[in-house]
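Report on the structure
So the chains spell out like this:
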Amino acid sequence: MKRIFYLSMIIGLAFGSCTNNQQKGNQQDTMQNMVKIPDSVNFQKDIAGKRTNLYVLKNKNNMQVAITNYGGRIVSIIVPDKNGKFVDVSLGYDEVETFQKEGEPFFGALIGRYGNRIGKAKFTLEGKEYKLDANDGVNTLHGGKMGFHAQVWDVKAVTENTLQLHYTSEDGEGGYPGTLEVDVTYTLTDDNSIDISYQATTDKATPVNLTNHAYFNLNGEGDSTILDHLLTIKADAITPVDEGLIPTGALMDVTNTPFDFRKATLIGARIGEDHEQLKRGKGYDHNFVLNKTAGLQLIANLYSPKTGILLEVLTEEPGLQFYSGNFLTGETKDGKGGKAYQFRSALCLETQHFPDSPNQKSFPSTILKPGETCKTKTVYKFSTK
């Protein structure tokens, strides 16, 4: 029966209907009636002496993106589906306090100083060993417990379609060397793209790996699964991991494995296969080595046959962490609108340098030195088909 289901889904994609013309006139009313952005009042709070708020970006198509400066987090992404109905495709919460709860899964957050894991929470740089905040067993994950996701960012500029944020990460924060000055600009364009531009400078050599941890469900946040989504990733290899989800240092060819997404494939088609890497990640939680050269390029797309929403991912980064929401539990109903976010009810496509690069000499370097500027850009582009 599973084979019949997956085959029918793929056939549905191949012969899907063309994009409907955009609804006009009552489009704004439809959006307001069908889906709501959380109340900004619930994001106005003083945290560590800084004020938080919620900022809503809009474009001419009535697409909206809500972002809080607590963790620089994307709270909502509201886009039209194939029938012109507006859908929120990003997981989040209705108030800033819930983003602060213990074990919160980094919903929508800006991640730093180092996205992903560093093995044994330490690295050696220029002959000195640095010990980091171990917040993932013996490893460090996403910069530690008080990484960029748990900081209040300064709002430098805001317009109808842009939000510019700044954060100063002090020397020694999380165990990392150097004072890091970070600027991130969110731009919502009229082609329904969210452009995320990152820039950082330092006064000491330090590892830097910046990304965004948005959780997507193109059926709509709160839907029970992403296993019915079709995913394409332009990657011939992954960086396989050990039992602690730290890269072994090798590259694994994806050919004839459940990790081959070079053609559009249902996420649920092979996630349950008896493969060592799937067992270690409890599903997909792996860095894909992208087939790309320098510059901004299309590297992945995600499609929901249910809504007809297509997400294209473009990046300047060499890697992509595909995480299939394996640690979501649905135990609490504290998602937006009181929803419970269930096991594998969302996924992440995190553009990045490779995990544990400071300890892996064969991986692309993540070391930023004084006088240098780290600049990188990622685009999440939405459309329908």
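Thresholds applied
- Residues numbered from 1 in each chain as written.
- Predicted model: local features only at pLDDT ≥ 70, side-chain atom pairs only at ≥ 80, totals over all residues.
- Heavy atoms only, no water.
- UniProt positions renumbered as here; feature names shortened; annotations may be inferred.
- Pairing = 2+ DSSP bridges.
- Helix = DSSP H or I, 4+ residues; strand = E, 2+ residues; numbered from the N terminus.
- Axes fitted to C-alpha atoms, helices over the stretch in contact; angles between N-to-C directions.
- Contact = heavy atoms within 4.5 Å.
- Polar contact = N/O pair within 3.5 Å; in protein donor to acceptor, adjacent residues only side chain to side chain.
- Core = buried A, V, L, I, M, F, W, Y, C linked by side-chain atoms within 4.5 Å.
- Buried < 20%, exposed > 50% of the residue type's maximum accessible area, 1.4 Å probe, protein only.
- pLDDT = per-residue confidence, 0-100.
- Salt bridge = Lys/Arg side-chain N within 4 Å of Asp/Glu carboxyl O.
- Phe/Tyr/Trp six-rings, centres within 6.5 Å; stacked < 30°, edge-to-face > 60°.

The name given to the chain in an unreviewed UniProt entry is Aldose 1-epimerase, with the source organism recorded as Pedobacter puniceum. According to its UniProt record, the chain has this under Subcellular location (unreviewed entry): "Cytoplasm". Here is the UniProt Subunit (unreviewed entry) comment for the chain, exactly as written: "Monomer."

**What to know about the sheet that holds strand 6 (residues 86–88)**
Taking strand neighbours across the sheet as the criterion, the four strands line up as 3-4-5-6 in an open arrangement whose pairing is antiparallel. For this open sheet the edge positions go to strand 3 (54–58) and strand 6, each flanked by a neighbour on one side alone. Strand-to-strand twist in this sheet, taken as the mean axis angle between neighbours without regard to direction, amounts to 15°. As defined by bridge partners, strand 3 adjoins strand 4 (residues 64–68) across five bridges and the pair is classed as antiparallel. Note that in strand 4 the partner of Lys58 across the bridge is Gln64.

**What to know about unusual backbone geometry**
Trans is the common state for peptide bonds, and a negative phi is the common state for residues other than glycine. Following Gly112, the chain continues into Arg113 via a peptide bond in cis, with omega recorded as 0°. Here Arg113 lies in the loop between strand 7 (110–111) and strand 8 (117–118).

**Considerations on the UniProt feature "binding site: beta-D-galactose" (unreviewed entry) in the chain**
Residues annotated in UniProt with the feature "binding site: beta-D-galactose" (unreviewed entry) correspond here to Asn116, Arg117, His213, Ala214, Tyr215 and Asp285. Assignment of secondary structure puts Arg117 in strand 8. Ignoring anything within four residues of it in the chain, the contact list for Arg117 reads Asp136, Thr140, Leu141, Gly244, Leu245, Ile246, Asp285, Pro355 and Asp356. Here the side chain of Arg117 touches Asp136 through a polar contact of 2.9 Å, side chain to side chain. Take His213: it is sitting in the loop between strand 17 (211–212) and strand 18 (230–233). Ignoring anything within four residues of it in the chain, the contact list for His213 reads Pro105, Phe106, Phe107, Gly108, Ala109, Ile111, His142, Cys348 and Glu350.

**Examining the nonpolar core**
Looking at soluble globular proteins, one finds that nonpolar side chains tend to be buried together. If you look at the biggest cluster of nonpolar residues, it comprises 58 residues, and the most contacted ones within it are Ile77, Tyr186, Ile194, Ile233, Phe322 and Phe382. Sort the elements by how many residues they give to this core and strand 14 (residues 180–188) lands first, with five residues. The next biggest cluster of nonpolar side chains, apart from the first, holds 19 residues, and it includes Val96, Phe107, Ala346 and Cys348.

**A few points about the confidence of the model for the chain**
Counting all residues, the mean pLDDT for the chain is 93, and 91% of those residues have values of 70 or more. Contacts for the low-pLDDT stretch residues 1–33, under 50 throughout, to residues beyond four places or in other chains number 32 contacts.

**Notes on the pairing of strand 14**
Side chains of strand 14 alternate between two faces, with Leu180, Val182, Val184, Tyr186 and Leu188 buried and Glu181, Asp183, Thr185 and Thr187 left unburied. In the sheet, strand 14 pairs with strand 15 (residues 193–202) via nine bridges, with the strands oriented antiparallel. In the strand pairing of strand 15, Leu188 is matched with Ile194. Here strand 14 hands over to strand 15 after four residues, with Asn192 in that stretch at a positive phi of 65°.

**Some remarks on the pattern of salt bridges**
In total, this model carries 18 salt bridges according to the counting rule given. The residue Arg73 makes a salt bridge to Glu104 at a minimum N-O spacing of 3.0 Å. You can see Arg73 sitting in strand 5 (residues 73–80) and its partner Glu104 sitting in the loop between helix 3 (96–99) and strand 7, a full 31 residues away along the chain. Grouping residues by exposure puts Arg73 and Glu104 together as buried. Here Lys336 ties to Asp88 by a salt bridge, and the two come within 2.7 Å at their closest N and O atoms. One end of the pair, Lys336, is in the loop between strand 25 (319–323) and strand 26 (348–352); the other, Asp88, is in strand 6, and 248 residues separate them in sequence.

**Re the UniProt feature "active site" (unreviewed entry) in the chain**
Per the UniProt record, "active site" (unreviewed entry) is found at His213 and Glu350. The greatest C-alpha distance among the annotated residues, which extend across 138 residues, is 6.1 Å, indicating that they converge on a single site. Setting aside anything within four residues of it in sequence, one finds Glu350 in contact with His142, Thr211, Asn212, His213, Gly319, Leu320, Gln321 and Tyr323. Within polar-contact distance, the side chain of Glu350 engages the side chain of His213 at 3.4 Å.

**Details of the sheet that holds strand 19 (residues 235–239)**
Taken together, the five strands give an open sheet; going across it, the order is 20-19-22-25-26, and neighbouring strands pair in antiparallel fashion. The open sheet has two edge strands, strand 20 (252–253) and strand 26, and neither has a second partner. Pairing between strand 25 and strand 26: five bridges, direction antiparallel. Paired with Gly319 across the strands is Gln352, a residue of strand 26.

**Digging into the packing of aromatic side chains**
One pass over the full model with this rule turns up 22 aromatic pairs. Centre to centre, the rings of Tyr215 and Tyr323 are 6.1 Å apart; their planes meet at 85°, and the pair counts as edge-to-face. Linking Tyr215 in the loop between strand 17 and strand 18 with Tyr323 in strand 25, this pair joins segments that are 108 residues apart in sequence. Judged by relative accessible area, Tyr215 falls into the buried class, the value being 2%. You can call Tyr323 buried: its relative accessible area is 6%. Here the aromatic rings of Phe259 and Tyr284 are separated by 5.4 Å at their centres, their planes lie at 85°, and the arrangement is edge-to-face. Separated by 25 residues along the polypeptide, Phe259 in the loop between strand 20 and strand 21 (265–266) and Tyr284 in the loop between helix 4 (276–281) and strand 22 (285–290) bring together distant segments of the chain.

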